[in-house]
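Chain residues, written in single-letter form:
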Amino acid sequence: MRSENAGVPGGGPVRLRNDGDLDACVAVLAAVHESDGYPVNWPDAPERWLTPPSLLTSWVAELDGRIVGHVGLSHSGPDDLAPGLWRTHRGTSTAATAVVSRLFVSPDARGHGIGALLMTEATREAARRALHPVLDVVATDKAAAALYERLGWHRLATVEQQWAPDQMVSVHCYAAAF
């Protein structure tokens with residue numbers, strides 16, 4: 001499935017990710033990590049981090065023929081906080097949610113609306129599956145939080161989460177408009 005996005009220079013298609021895209025995705029992720037510190041803790045195996053067992057599907061964005069962005073949609077996992085908050089807020093099951101995750105855009109490709117295009121694809125797929133999209137984001141990632149709020153997502157809460165014995169992280173939990 002390919003979605004042409006006329007507003008992105010160079011064609012800017014968003015398409016389903018395939019296994020052949022993983023090396024390029026890891027390279028973009030490394031650039032994002034160096035620039036922005038995302039992910040906070042660099043994974044031992046970034047390819048596996050991009051393909052967790054809970055993954056439903058994922059997309060990449062291209063700009064001028066190269067991969068510049070990524071997003072995934074997953075079932076909720078034990079470390080995802082937003083599905084539980086959504087369950088409490090709406091009185092539903094966490095199984096009724098889909099977690100938007102692994103969203104990143106190359107630092108040199110920002111300003112073209114690629115993050116919003118990737119979020120739109122993930123949100124549409126969640127709706128197609130009759131699931132409500134939710135996500136967790138580190139509170140210090142102000143650019144990501146601003147994007148979600150610009151797209152109409154609602155902050156459910158900000159919570160402290162233990163990521164390691166000596167690492168406590170503030171996390172914003174969001175749900176798509178309801």
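Structure shown above.
Residues numbered from 1 in each chain as written. Predicted model: local features only at pLDDT ≥ 70, side-chain atom pairs only at ≥ 80, totals over all residues. Heavy atoms only, no water.

Caption draft 1: Highlighting the overall build of the protein chain. Of regular secondary structure, the protein chain possesses five helices and eight strands. Written out in order from the N terminus, the α and β elements of the protein chain read β-β-α-α-β-β-α-β-α-β-α-β-β. On C-alpha atoms alone, the protein chain measures out to a radius of gyration of 15 Å, which is about the 16 Å that the 2.2 N^0.38 rule sets for 178 residues. Taken along the three principal axes of its C-alpha coordinates, the protein chain extends 45 × 35 × 30 Å. Among the 178 residues that make up the protein chain, the fraction classed as buried is 46%. Within the protein chain, contacts between residues at least 6 apart in sequence are counted, and of these 63% link residues at least 24 apart. When the accessible area of the protein chain is evaluated, it comes to approximately 8800 Å², of which 52% is carbon and sulfur surface. Each charge class in the protein chain can be summarised by its mean position, and for the 15 positive and 20 negative side chains these summaries are 7 Å apart. (Helix = DSSP H or I, 4+ residues; strand = E, 2+ residues; numbered from the N terminus. Rg over C-alpha atoms; globule rule 2.2 N^0.38 Å. Buried < 20%, exposed > 50% of the residue type's maximum accessible area, 1.4 Å probe, protein only. Contact = heavy atoms within 4.5 Å. Areas by Shrake-Rupley, 256 points an atom, 1.4 Å probe, with all protein chains shown as cover. Lys, Arg positive; Asp, Glu negative; His and termini not counted. Charge placed at Lys NZ, Arg CZ, Asp CG, Glu CD.)

Caption draft 2: Looking closely at the nonpolar core. Counting 27 residues, the largest nonpolar core has Val100, Ile114, Leu118, Met119, Leu135, Tyr148 and Trp153 as its most contacted members. Where this core is concerned, the elements lending two or more residues are strand E3 (55-63), strand E4 (66-74), strand E5 (97-105), helix H4 (114-128), strand E6 (132-138) and helix H5 (142-150). Among the elements that make up this core, the one with the highest residue count is H4 (five residues). Apart from the residues within four sequence positions on either side, Val100 is in contact with Val71, Gly72, Leu73, Met119, Ala122, Pro133, Val134, Leu135 and Trp153. (Core = buried A, V, L, I, M, F, W, Y, C linked by side-chain atoms within 4.5 Å.)

Caption draft 3: Highlighting the pattern of salt bridges. Under the counting rule described, the total for this entry stands at eight salt bridges. Asp21 is the salt-bridge partner of Arg15, the closest N and O atoms lying 2.7 Å from each other. For the salt bridge of Glu62 with Arg15, the shortest nitrogen-to-oxygen distance reads 3.1 Å. Of this pair, Glu62 sits in strand E3 while Arg15 sits in strand E2 (residues 14-16), placing them 47 residues apart in sequence. (Salt bridge = Lys/Arg side-chain N within 4 Å of Asp/Glu carboxyl O.)

Caption draft 4: Summary view of the packing of aromatic side chains. Applying the stated criterion to the full structure yields three aromatic pairs. Both rings, one in Tyr38 and one in Trp49, keep their centres 5.9 Å apart while their planes meet at 65°; by these two values the pair is edge-to-face. Taken together, the residues span a long stretch of sequence, with Tyr38 in the loop between helix H1 (22-36) and helix H2 (46-49) and Trp49 in helix H2 at a distance of 11 residues. When its relative accessible area of 22% is taken as the criterion, Tyr38 is described as partly exposed. Here the aromatic residues Tyr148, Trp153 and Tyr174 are joined through ring pairs into a cluster of three or more. (Phe/Tyr/Trp six-rings, centres within 6.5 Å; stacked < 30°, edge-to-face > 60°.)

Caption draft 5: Looking closely at unusual backbone geometry. Cis geometry marks the peptide bond from Tyr38 to Pro39; its omega dihedral reads -5°. Relative to the helices and strands, Pro39 resides in the loop between H1 and H2. The residue Asp64 is not glycine, and still its phi comes out positive at about 50°. Take Asp64: it is sitting in the loop between E3 and E4. Judged by its relative accessible area of 58%, Asp64 is exposed. Residues other than glycine seldom take positive phi values, yet Arg102 does so here, at roughly 55°. The topology assignment puts Arg102 in strand E5.

Caption draft 6: The pairing of strand E7 (residues 154-164), seen in detail. Relative to strand E8 (residues 167-175), E7 runs antiparallel, the two sharing nine bridges. Within E8, the position partnered with His154 by the bridge is Ala175. Between the antiparallel neighbours E7 and E8 lie two residues. (Pairing = 2+ DSSP bridges.)

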